[in-house]
Amino acid sequence: MAGMSRTAGTVIDGLDSIKESVADILGTPIGTRVGRRDYGSLLPELIDQPMTGPNILRVYAASALAITRWEDRLRLRRITLAAGTSPGAAILNIEADRTDTAPATARTRFALSL
């Protein structure tokens, strides 16, 4: 399914469209979309929290719940969190099976900076 890039206005499809959609879902606080109050994730509330075990688990849970609920083109396999290149930065690594492609090309991995 083709879509339009939020930043460039160009046509995007496939994995680029999925990455942009997941970034939008995870970056939108729940309750901030008019007409779709339950859209988004709890991840924005967790961004500035200390990187303790329980908070990392909350990041995984918030990400997995939001992606599972709002992105039908992915079936999650694994989410991991890694330290970013600058202090306080983190990278969310997502491994999933795509439901919009043939099984031979379904497995995908991508990373989002938090």
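Everything below is about the structure printed above this text.
Residue numbers here run from 1 along each chain, matching the order of that chain's written sequence. At least 70 in pLDDT is required for a residue's local features to be given in this predicted model, at least 80 for side-chain atom pairs to be given and counted, and no such filter applies to totals for whole chains, interfaces and linings, which use all residues. Side-chain metrics rest on all non-hydrogen atoms present in the structure, leaving aside hydrogens and water.

Caption draft 1: Layout of the overall build of the protein. Scanning the protein for helices and strands turns up three helices and five strands. In the protein, the succession of helices and strands from N to C terminus is β-β-α-α-α-β-β-β. The atom set for the radius of gyration is the C-alpha atoms, and the globule formula is 2.2 Å times the number of residues raised to the power 0.38. Taken against the 2.2 N^0.38 rule, which gives 13 Å for 114 residues, the C-alpha radius of gyration of the protein at 14 Å falls within 12% of a compact globule. Across its three principal axes, the protein shows a C-alpha extent of roughly 40 × 35 × 25 Å. For the protein, contacts bridging at least 24 residues in sequence account for 33% of all contacts bridging at least 6. Strands here mean DSSP runs of E at least two residues long; helices mean DSSP runs of H or I at least four residues long; both are numbered from the N terminus. Here a residue-residue contact requires only that any non-hydrogen atoms of the pair lie within 4.5 Å.

Caption draft 2: Region of the structure containing the packing of helix α1 (residues 15-27) against helix α3 (residues 53-70). Orientation of α1 relative to α3, taken along the N-to-C sense of each, is 125 degrees, at an axis distance of 10 Å. Classified by the angle between their axes, α1 and α3 sit oblique to one another. Crossing of α1 against α3: the hand is right-handed. Contacts between α1 and α3 pair Val22, Ile25 and Leu26 from the former with Ser63, Ala66, Ile67 and Trp70 from the latter. Fitted lines through C-alpha atoms serve as axes, helices being fitted only where they are in contact, and the angles separating the N-to-C directions of these axes extend from 0 to 180 degrees. Any angle that is under 35 degrees is reported as roughly parallel, and any over 145 degrees as roughly antiparallel; angles of 65 to 115 degrees are reported as roughly perpendicular and all others as oblique. Crossing handedness: left-handed means the near helix sits turned counterclockwise from the far one by under a right angle, and right-handed means the same turn made clockwise.

Caption draft 3: Structural view of the pattern of salt bridges. The rule for a salt bridge is simple: a side-chain nitrogen of Lys or Arg has to be within 4 Å of a carboxyl oxygen of Asp or Glu. Inspection of every chain in the model, using the stated rule, returns eight salt bridges. Ionic pairing is found between Glu71 and Arg73, a salt bridge with its closest N-O pair at 2.7 Å. Residue burial is assigned from relative accessible area. The probe radius is 1.4 Å, only protein chains are included, and a residue is buried under 20% of its type maximum, exposed over 50%, and partly exposed in between. Among the residues examined, Glu71 registers a relative accessible area of 4% and is labelled buried. Here Arg77 and Asp97 are joined by a salt bridge, their closest N and O atoms 2.8 Å apart. You can see Arg77 sitting in strand β3 (residues 74-83) and its partner Asp97 sitting in strand β4 (residues 90-98), a full 20 residues away along the chain. Under the relative-accessibility criterion, Asp97 is labelled buried at 8%. Linked by salt bridges that have partners in common, Arg75, Arg77 and Asp97 make up one network.

Caption draft 4: How the structure looks around the pairing of strand β5 (residues 107-113). Residue alternation in β5 divides its side chains into a buried set, Thr108, Phe110 and Leu112, and an unburied set, Arg107, Arg109, Ala111 and Ser113. Note: β4 against β5, seven bridges, orientation antiparallel. For Ile94, the partnering residue across the bridge sits in β5 and is Phe110. Here, a strand pair is defined by DSSP locating no fewer than two bridges between the strands.

By themselves these figures say nothing about function.
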